[in-house]
Amino acid sequence: MNLMNPDGILNISLMNGQARAILIESTQLVQRAKDIHGLSRIATAALGRTLTATAMMGSMLKGGDESVTVSIRGGGPIGSVLAVAGADCSVRGYVGNPGVDLPRTGPKLPVGAAVGKEGRLSVIKDLKLREPYVGQVNLVSGEIAEDFAMYFTASEQTPSLVSLGVLVSDERVESAGGLIIQLMPGASEAAIQSIEASQGMFMDISGTMKEYHLDGAVNQLLLHLQPEVLERRDTRYACDCSRQRVERALITLGAEEIRDMIATQHGAKVDCHFCNKRYVFSEDDLNGLLAAAGGAREAE
């Protein structure tokens, strides 16, 4: 872990407010995900790109307890890819097949082939309203950055340039990062052309982060677009699971289900998909939850 260059997210105004950029360095959080889940190189790249984009989407949330959940199901051998971010820019996630491995057919890892493209990218935003916002788009390529760009354009009606990158060796995430650029309403034709002409500069975001890190990447990538950094925020891989949360989840299963666990398993083991922590409940523990479940039902 490189403590001299911690992960972070920058909110940047471009061309006097005609566009905005969100720039992230996510090397450490992707490394944390790789370590927790024992990810292959391809799975590290796929989940790392998704975590990076989801963290940036989390930075767009307003309320402190809001969250965004992204799931990608493309029909490929990696299975589902899922990430959840909060408004505090913390993020967590997992993939269905963390050990997926495919032969290379070029210089880049075959992330698109692992993810597949016969499916959808889904976004659920819990904005603490009566109903969550749900948006879905068909996958473009399974390479993830293109799929997020399609989501912003088609589902949120916000044309966006999205670049995501994870540079990974067998044991170590060398660098990871992402960039989202979105035009603001009323942007001039000159501003639009400037961004469109710059797309090639943004494609190797992981290479840029490896050499320049977050602060240096601002000028390296965006200097010609007159960047003004408005805010810097920390980002990290963090799971919010707890024994109390698992207890509440078990109680919601109802008394009958808990009785069945007691009779057939004499206890319960619950694993968190996000951090792989295991919560063990003895028969006595379940009897206590059984009383709570019965009380909850009576309260209804």
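Note on numbering: residues in each chain are counted from 1, in written sequence order. Restriction of local features to residues with pLDDT of at least 70 applies here, the model being predicted, together with a cutoff of 80 or more for giving and counting side-chain atom pairs; totals for whole chains, interfaces and linings are based on all residues. Note that the side-chain values use all heavy atoms of the structure and ignore hydrogens as well as water.

1. Notes on the overall build of the protein chain
A tally of regular secondary structure across the protein chain gives 9 helices and 13 strands. To get the radius of gyration, use the C-alpha atoms; to get the globule rule, take the number of residues to the power 0.38 and multiply by 2.2 Å. For a compact globule of 300 residues, the expected C-alpha radius of gyration is about 19 Å, and the protein chain comes in at 21 Å, within 12% of that figure. In this scheme, a residue with accessible area under 20% of its type's maximum is buried, one over 50% is exposed, and one in between is partly exposed, where area comes from a 1.4 Å probe on protein chains only. Residues counted as buried form 48% of the 300 residues belonging to the protein chain. Contact definition: two residues touch when any of their heavy atoms are within 4.5 Å. Summarising the internal contacts of the protein chain: among those between residues at least 6 apart in sequence, 64% fall at separations of at least 24. Throughout, the Shrake-Rupley method with a 1.4 Å probe supplies accessible areas, and for residues the shown protein chains are the sole cover considered. Roughly 14700 Å² of accessible area belongs to the protein chain as shown, and the carbon and sulfur atoms make up 49% of that amount. Residues counted as positive are Lys and Arg, residues counted as negative are Asp and Glu, and His and the chain ends are not counted. A single reference atom marks each charge: NZ on Lys, CZ on Arg, CG on Asp, CD on Glu. Within the protein chain, the 36 negative side-chain charges are centred at a point lying 1 Å from the centre of the 28 positive side-chain charges. Each helix is a run of DSSP H or I of at least 4 residues and each strand a run of E of at least 2, with the numbering of both proceeding from the N terminus.

2. Comments concerning the confidence of the model for the protein chain
Across the protein chain, the average pLDDT comes to 92, with 96% of residues at 70 or higher. Confidence per residue, as judged by the predictor, is encoded in pLDDT with a range of 0 to 100. Contacts for the low-pLDDT stretch residues 295-300, under 50 throughout, to residues beyond four places or in other chains number 2 contacts.

3. So, the side chain of S26
Along the chain, S26 falls in the loop between β2 (19-25) and α1 (27-37). Of note is the side chain of S26, whose polar atom sits 2.7 Å from the side chain of T52. Dropping the residues within four chain positions of it, S26 is found in contact with D7, T52, A176 and G177. Here a polar contact is recorded for every N or O atom pair within 3.5 Å, except that within protein the pair must consist of a potential hydrogen donor and a potential acceptor, and residues adjacent in sequence are included only if both atoms are side-chain atoms.

4. Here's the deal with the state of the cysteines
Formally, a disulfide is one covalent bond, and it connects the sulfur atom of one cysteine to the sulfur atom of another. Pairs of cysteine sulfur atoms within 2.5 Å are identified as disulfides in what follows. Enumeration according to the criterion identifies 0 disulfides in this entry. No disulfide involves C272; its sulfur sits 3.5 Å from the nearest other cysteine sulfur, which is in C239. Here C275 stays unpaired: no disulfide links it, and the sulfur of C241, its closest cysteine neighbor, is 3.5 Å away. Owing to a relative accessible area of 22%, C275 belongs among the partly exposed residues under this scheme.

5. A few points about the pattern of salt bridges
We define a salt bridge as a side-chain nitrogen of Lys or Arg found within 4 Å of a carboxyl oxygen belonging to Asp or Glu. What the rule picks out here adds up to 11 salt bridges. Salt-bridge contacts for E143 lead to R49; the nearest nitrogen and oxygen are separated by 3.1 Å. Of this pair, E143 sits in the loop between β7 (133-138) and α4 (145-154) while R49 sits in helix α2 (residues 41-59), placing them 94 residues apart in sequence. The exposure class assigned to R49 is buried, which follows from its relative accessible area of 11%.

6. Remarks on the sheet that holds strand β1 (residues 8-14)
Two strands make a pair as long as DSSP finds a minimum of two bridges between them. Taken together, 5 strands build an open sheet; the order of strands is β8-β9-β2-β1-β10 and the sheet is antiparallel. The sheet is open, and its two edges are formed by β8 (160-168) and β10 (228-233), each paired on a single side. Geometrically, the sheet is characterised by an average inter-axis angle of 15 degrees between neighbouring strands, direction not taken into account. Relative to β10, β1 runs antiparallel, the two sharing 5 bridges. Within β10, the position partnered with S13 by the bridge is E228. Only C-alpha atoms enter the line fits that serve as axes; for helices the fit covers just the stretch in contact. Angles between N-to-C directions range over 0 to 180 degrees. Each of β1, β2, β8, β9 (173-183) and β10 is contacted by helix α6 (residues 205-222), which is oriented at about 145 degrees to β2, the strand it contacts most.

7. Notes on the packing of aromatic side chains
Side-chain rings of Phe, Tyr and Trp (the six-membered ring for Trp) are treated as a pair once their centres are within 6.5 Å; stacked means planes under 30 degrees apart, edge-to-face means over 60, and tilted covers the remaining angles. Applying the stated rule across the entire model yields 2 aromatic pairs. Criterion for a charge above a ring: Lys NZ or Arg CZ within 6 Å of the ring centre, and within 35 degrees of the ring normal. A cation over an aromatic ring shows up here: R243 above the ring of F281, its NZ or CZ 4.1 Å from the ring centre.

8. Description of the pairing of β9
Most of β9 is tucked away: 9 of the 11 residues are buried. Here β8 runs beside β9; their pairing, made up of 9 bridges, is antiparallel. Among the inter-strand pairings, G165 is bridged to a residue of β9, identified as G177.

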